[in-house]
Amino acid sequence: MIKKAYTVYMGLMLFFLYAPIAVLMIFSFNYSPSRNYWGGFSLRWYRDLFNDPHIPQALFNTLVIAVLSSLIATIIGTIAAMGINSLGRKTKSIIIGVTNLPVFNPEIVTGVSLMLLFVFGIRVLGFGEMGFATLLMAHVSFNVSYVILSVMPRLRRLDGNLFEAAMDLGAPPMRAFVQVVLPAIRPGIITGALLAFTLSVDDFIVSFFTIGPGVNNLSTLIFSMARRGINPRINALSTIIFIVVMILLYIINRRDSKKRKEHLA
Amino acid sequence: MKRIFVYPYILWMSVFIVAPLLIVLWFSVTATAPDGTVFTFYHFTRFFAPAFEGQPFFQRIYIAVMTRSIRLAVVSTIVCFVLGYPLAYALAKFYSHRSFLLFLFMVPLWMNFLLRTYAWLTILEQNGVLNAVLSFLGLPTVDLLFTDTAVVIGMVYNFLPFMVLPIYTVLRDMDNSIIEAAQDLGANRVQVFLRVVFPMSMSGVISGLTMVFMPAVTTFVISNLLGGGQFILIGNLIERQFIHVGDWHFGSAMAIILIVIILFMMGLIKLIDRQPKEPDGATVERGTLY
């Protein structure tokens, strides 16, 4: 009886979550741009989407920024985490506290503060402008914190003497790192990199304040399009993004559960 | 030896985390005067100042926006809690296909936040899907888009998973033998829930409330797309100052005020978490649940 009530409730909540997405997807195939009239099945909005002068460039920017910022943040974050891990308790907690700031700060504050930093920096340096480079720096700067927070727990569990032991046995520092430390902290690094990548792809607020005129990533472009009202191209774009996300998540989920099964066997 | 790795990071952190916040603070307490930059609290007093002599406090334009932001965020947080707790409970206690269901609830979260908000534009507008369904059923149509209700719907839709996840995690990991012990001691279902399960899930509730309230009180996107008018939420005010007006001093002061509001509300939320005394004086160890 109670279980049935919960099933009904869960169904309602799933409806609430999926109905808006379903509406977008259905109307992306509507020939008519209207939302209360079905003008017949058509792919015209998909054709318009691919012929749009701005969308492919914005998609490219989003992906390049996500790849570059997560890569750079992973390198900076991993090295920093190793350094932080070797510190005394007091200094360590201060540095971790500051590292946590971008995670707990409201995004709008992070956004405007980085905007002011870049404007200020450009004025002091006397060159440069808001655009692709500032966007990349902004994404790297919030991603570094997440990478450090993912790598730190792994490092803490690692016996600090292992690195020294490897060097005592004659391994040069680089080799000791690659063969001893790196394998132990790899899961943390991968988690951090994936987190950084998703945060970067999904980010709108920080991008909005740091991107500068004339440059767009997918989020800022959708915002300026949606602001002008309904646009069936956005429906087509949503449908494609939803399907890609669904497939990716499904693959990741399958791989995870397979791994778990192998682990149990 | 590894310690040298930390110095470049300290430099990095100072430039990209500490300096930007200090610049915001600096802008909030300075103004550009003809004879250079001067130190002033003008931007803060401007926020609270009346437009004319004797204007009631809550009618002052910025105060009204601030209280409206807090009100809408509180309403959204409460709605998320009321909808989200039973959902988390059902997911944690009743389902064998838990991971698949959780997967279903998480998928929309992975879609671009703007697209999720935009979807409601299609549904709520006057010629939208909701009104089409209502008139098909012979019911009167509603005009929701560009109202506070639309903003709340947008917030709940976007932030509900942030409420469900932490509560679900706590409930899932709860030790069943404690519940059985309560039942053995004669507690009925309602008592078990109110006096054992709910108090023990408090840590999840607290993080859920925090994780919904924070983005709800700072958003400017949802109110921009679904809300009406120019001054909607404090996030919109800040966005306007930085993007359109260019008064960074006033914008920075509002950012500082926003941070203060958040810290204050976090304090309030923490108050709920006062450890309830068990009848016999024993307290439930809550920290160990996470």
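Look a little higher up for the structure.
Residues numbered from 1 in each chain as written. Chains lettered and ligands numbered in written order. Predicted model: local features only at pLDDT ≥ 70, side-chain atom pairs only at ≥ 80, totals over all residues.

*Asks:* Residues and numbers for the overall build of chain A, please.
*Replies:* Scanning chain A from N- to C-terminus turns up eleven helices and zero strands. Referenced to the eigenvectors of the C-alpha coordinate spread, the extents of chain A come out at roughly 75 × 65 × 35 Å. Each of the 265 residues in chain A was classed as buried or not, and the buried ones make up 37%. Here the contacts in chain A between residues at least 6 apart in sequence split such that 78% fall between residues at least 24 apart. (Helix = DSSP H or I, 4+ residues; strand = E, 2+ residues; numbered from the N terminus. Buried ≥ 20, exposed ≤ 12 C-beta atoms within 10 Å, placed from the backbone. Contact = placed C-beta atoms within 7 Å.)

*Asks:* Tell me what's going on with the interface of chain A and chain B, and back it up with residues and numbers.
*Replies:* Contact with chain A, which involves 56 residues of that partner, is made by 56 residues of chain B. Elements with a minimum of two residues in the side of chain A that touches chain B: helix 1 (2–27), helix 3 (55–85), helix 4 (89–104), helix 5 (107–125), helix 10 (218–227) and helix 11 (232–264) of chain A. With 13 residues, helix 1 of chain A is the single largest residue contributor to the side of chain A that touches chain B. Residue composition of the side of chain A that touches chain B, grouped by class: 42 nonpolar, nine polar and five charged. (Nonpolar A, V, L, I, M, F, W, Y, C, P; charged D, E, K, R; others polar.)

*Asks:* How would you explain the packing of helix 3 (residues 61–94) of chain B against helix 7 (residues 148–172) of chain B if you had to name every residue and give the values?
*Replies:* Residue and element names in this part refer to chain B. Viewed as axis vectors pointing N to C, helix 3 and helix 7 meet at an angle of 40 degrees, and their least axial separation amounts to 6 Å. Relative to helix 7, helix 3 is oriented oblique. With respect to the hand of their crossing, helix 3 and helix 7 are arranged in right-handed fashion. A class-by-class count of the residues in the contact of helix 3 with helix 7 yields 23 nonpolar, two polar and three charged. (Axes fitted to C-alpha atoms, helices over the stretch in contact; angles between N-to-C directions. Parallel < 35°, antiparallel > 145°, perpendicular 65-115°, else oblique. Left-handed = near helix turned anticlockwise from the far one by under 90°.)

*Asks:* Can you tell me about the packing of helix 7 of chain B against helix 10 (residues 202–218) of chain B, naming the residues and giving the values?
*Replies:* Residue and element names in this part refer to chain B. Remark: helix 7 packs on helix 10, axes separated minimally by 8 Å, with the N-to-C direction vectors making an angle of 160 degrees. Taken as axis vectors, helix 7 and helix 10 run roughly antiparallel relative to one another. As for how helix 7 packs across helix 10, the hand of that crossing is right-handed. Each of Met155, Phe159, Phe162, Met163, Pro166, Ile167, Thr169, Val170 and Leu171 in helix 7 lies in contact with helix 10, whose residues at this interface are Ser203, Gly204, Val205, Ser207, Gly208, Met211, Val212, Pro215 and Ala216.

Function-wise, these values are silent; they only describe arrangement.
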